[in-house]
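# Report on the structure
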Amino acid sequence: MYEDSIREEFTRQSASFGKAAVMISAETLGALVELVAADASARWLETACGTGLVSRALAGKVGSVTGVDLTQAMLEEAKRGAADEGIENAGFGVGDATALEFADASFSGAVTRLSLHHIPVPGRALAELARVVRPGGMVIVGDLVADKADGEGAVWREEIERLRDPSHWACQTPEQLRAMGSAAGLTLDHEQLISLDIDFDDWLARGSGGRAAAPLVDELLAQRPQGTESFRVAAGDRSRRLRQRYWLGRWRRPD
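First, a word on scope: everything that follows refers to the structure included in this document. (Residues numbered from 1 in each chain as written. Predicted model: local features only at pLDDT ≥ 70, side-chain atom pairs only at ≥ 80, totals over all residues. Heavy atoms only, no water.)

## Details of the nonpolar core
Trp-44, Leu-58, Ile-140, Ile-160 and Trp-203 are the most contacted members of the largest nonpolar core, which has 51 residues in total. Excluding residues within four positions of it along the chain, Leu-58 makes contact with Val-33, Val-36, Trp-44, Val-65 and Val-111. Residues Ile-119, Leu-126, Ala-130 and Val-132 belong to the second largest nonpolar core, which totals 22 residues. (Core = buried A, V, L, I, M, F, W, Y, C linked by side-chain atoms within 4.5 Å. Buried < 20%, exposed > 50% of the residue type's maximum accessible area, 1.4 Å probe, protein only. Contact = heavy atoms within 4.5 Å.)

## Notes on the environment of Leu-196
With respect to the helices, strands and loops of the structure, Leu-196 is situated in strand β6 (residues 187–199). Judged by relative accessible area, which is 6%, Leu-196 ranks as buried. The spacing of Leu-196 and Arg-241 is 45 residues in sequence and 9.7 Å in space, taken between C-alpha atoms. With sequence-adjacent residues up to four places away left out, Leu-196 is seen in contact with Val-22, Glu-27, Thr-28, Leu-144, Leu-242, Arg-243, Gln-244 and Tyr-246. (Helix = DSSP H or I, 4+ residues; strand = E, 2+ residues; numbered from the N terminus.)

## Digging into the pattern of salt bridges
Here the structure, examined in full by the defined rule, presents 16 salt bridges. A salt bridge links Asp-147 to Arg-245; the shortest N-O distance between them is 2.7 Å. One end of the pair, Asp-147, is in the loop between β5 (133–144) and α6 (152–164); the other, Arg-245, is in strand β8 (residues 240–252), and 98 residues separate them in sequence. Judged by relative accessible area, which is 23%, Arg-245 ranks as partly exposed. Between Arg-250 and Asp-189 there is a salt bridge whose closest N-O contact spans 2.9 Å. Here Arg-250 is found in strand β8, whereas its partner Asp-189 is found in strand β6, with 61 residues between them in sequence. By relative accessible area, which is 39% here, Asp-189 ends up partly exposed. Within the structure, one salt-bridge network assembled from shared partners comprises Asp-104, Glu-128 and Arg-131. (Salt bridge = Lys/Arg side-chain N within 4 Å of Asp/Glu carboxyl O.)

The values reported here are purely geometric and, on their own, carry no functional implication.
Set out below in structure tokens:
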């Protein structure tokens with residue numbers, strides 16, 4: 001089952017995941033938090049919360065945050081981080097992003113970040129976010145995306161991603177993400193496409209398959225199809241750099 005591969009992968013990554021530069025960057029974290037209005041009465045949900053970085057960042061802006069994740073080791077890191085930071089209005093527990101154990105319209109807003117590319121039929125997770133948010137509430141998604149124009153490059157990119165991390169499923173395009181939100185009955189009111197530039201070898205090593213698969217990944221990198229824009233590896237001053245695209249969208253559930 002894909003859930004088992006997720007638990008295995010992120011149990012392994014639990015200690016390093018929340019410390020990775022890409023996870024705490026202004027591009028992936030700061031930009032998302034800016035989309036949430038300060039409201040001391042608001043109740044927010046984060047699904048596939050991992051180490052709770054988003055939940056902990058939101059805690060100072062809203063009344064309460066609930067984070068759920070499949071991986072217990074990630075949740076322990078989230079609880080430890082909240083305790084260390086003196087955060088008392090964020091709680092964490094086991095939960096499946098595609099089958100949430102919350103009533104309809106339970107939250108003012110809901111968010112998931114860098115999770116949909118691990119989920120088969122990811123529209124299920126977006127539909128669940130829409131279901132548990134009250135009318136007028138917000139749903140925010142941030143995730144790595146493919147480019148519609150990539151063509152065979154999208155298949156090439158997924159091979160590298162899965163060699164590095166067996167829990168990786170597939171990156172969506174912005175067009176696909178918009179369509180998922182629409183299918184869930186949501187109205188898109190904000191989107192942006194952000195370029196990320198990270199240390200490729202650090203990224204590769206953090207995945208459970210990365211070190212062993214490095215020679216094969218290098219072979220694939222040498223075969224990069226022309227015109228592939230959403231996943232590029234280039235030489236930097238001190239290390240190889242991985243350039244990806246991160247889509248950030250905010251929907252509103254109609255009143």
